[in-house]
Amino acid sequence: MAGLTSSTIGRKYAMALSAMFLLSFLVIHLSSNITSIFSVDVYNEVAHFMGYNPLVQYALQPVLTIGILFHFIMGFILEIKNNKARPIKYANNNGSANSTWVSRNMIISGAVILAFFALHFYDFWFPELDYKFIQANTPDETRYWDELHHKFHDIWRVVLYVISFVLLGMHLAHGFQSSFQSVGARHPKYTPVIKAIGFWFSVIVPLGFIIIAVFHYVTQ
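Criteria and cut-off values
- Residues numbered from 1 in each chain as written.
- Predicted model: local features only at pLDDT ≥ 70, side-chain atom pairs only at ≥ 80, totals over all residues.
- Heavy atoms only, no water.
- Helix = DSSP H or I, 4+ residues; strand = E, 2+ residues; numbered from the N terminus.
- Buried < 20%, exposed > 50% of the residue type's maximum accessible area, 1.4 Å probe, protein only.
- Contact = heavy atoms within 4.5 Å.
- Areas by Shrake-Rupley, 256 points an atom, 1.4 Å probe, with all protein chains shown as cover.
- Axes fitted to C-alpha atoms, helices over the stretch in contact; angles between N-to-C directions.
- Parallel < 35°, antiparallel > 145°, perpendicular 65-115°, else oblique.
- Nonpolar A, V, L, I, M, F, W, Y, C, P; charged D, E, K, R; others polar.
- Salt bridge = Lys/Arg side-chain N within 4 Å of Asp/Glu carboxyl O.

*Asks:* Describe the overall build of the chain, and please don't skip the residues or the numbers.
*Replies:* Scanning the chain for helices and strands turns up nine helices and zero strands. Written out in order from the N terminus, the α and β elements of the chain read α-α-α-α-α-α-α-α-α. Looking at the chain as a whole, 36% of its 220 residues qualify as buried. Counting contacts in the chain only where the partners sit at least 6 residues apart, residues at least 24 apart contribute 82% of the total. Working note: accessible area of the chain is about 13100 Å², and carbon and sulfur atoms make up 70% of it.

*Asks:* Before we move on, can you summarise the packing of helix α2 (residues 40–52) against helix α7 (residues 144–151) with the specific residues and values?
*Replies:* Geometrically, a packed helix pair is captured by the angle between its two axes and the distance between the axes. Closest axis-to-axis distance for the α2/α7 pair is 8 Å, and the angle between their directions is 100°. Accordingly, the angle class assigned to the pair α2 and α7 is roughly perpendicular. The residues of α7 that touch α2, namely those facing V40, Y43, N44, A47, H48 and Y52, are Y144, W145 and L148. Residues of the contact of α2 with α7, tallied by class, amount to seven nonpolar, two polar and no charged.

*Asks:* Please provide a residue-by-residue account of the environment of N82, values included.
*Replies:* Relative to the helices and strands, N82 resides in helix α3 (residues 54–85). By relative accessible area, which is 24% here, N82 ends up partly exposed. Sequence spacing of N82 and T8 is 74 residues, and the spatial spacing of their C-alpha atoms is 9.6 Å.

*Asks:* So what's going on with the pattern of salt bridges? Which residues, and what values?
*Replies:* Tallied over the full model, the rule gives four salt bridges. Of the charged contacts, one joins K132 and E128 as a salt bridge, the two residues approaching to 3.9 Å between their closest N and O atoms. Highlighted residues: K132 and E128, both in helix α6 (residues 106–134), separated by four residues, approximately one helical turn. Neither K132 nor E128 differs from the other in exposure class; each is buried. The network of salt bridges with common partners includes E128, K132, R143 and E147.

In C-alpha cells form, the structure reads like this:
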C-alpha cells in the first residue's frame, strides 16, 4: 500500500511540474503571437527568431512536445487509476454540490485540448517542418504574418479555436490551483492568492488567444 501511495503521489507531483512548465509555455506563446495584431514587422521578427533559433528548435521544442504528451497521458493514467480505486460510486454523492463540473471532468477538457494541440501542430508545426526541412526553402523573414493570417480565413477553424480556448480556460481554472497544491503549496495565507492568480490566468490567457483568432478572421 505504501508503495502504491508513493507512486500515486509521485505521478501527481510529476504531472503538477509538467503543468507548471506548460503554463510558462502558454505565456511565452501568447506574448509572441499577440504581436501579430499590433505589428506585421514585429511579429515576423519574433516568429523568425523562434523558427530558426537552434535553442528553441532543437532543445525547447522537443521538450515542449514531450511535456504536452507526458502531461495529458499522465492525466489519463491518474484518472483511470482513480476510477479503479473507486469502482462503486456513492449513491448519495451529489457531484454538483461537492465540486465543479470542470474539476469532475478534467479528463474531458484535457482530451479536447489534446485534440486541439494536434490541430495546432497540423496547422503550423508540420507546414513549418515541410517548408524548412523537406522543401529546404531559403529563409524568408516576411512570410510568417501572412501564413498566420491565412489560417483564420475560414469561420469553422476560428470556431474550433475559440471552443478549444474556452475549454482550455476551464481546464486552467481548476488545474492552476491543483498543480500548486500537488507540490505542497498550501497555506491559509497564500492559497487565496494562488486561487486569484489562477482565476485571472485562466481568463486572460485563453481570451488573448481568442482575440488573436478573431482579429485575423475579421481583418481578412
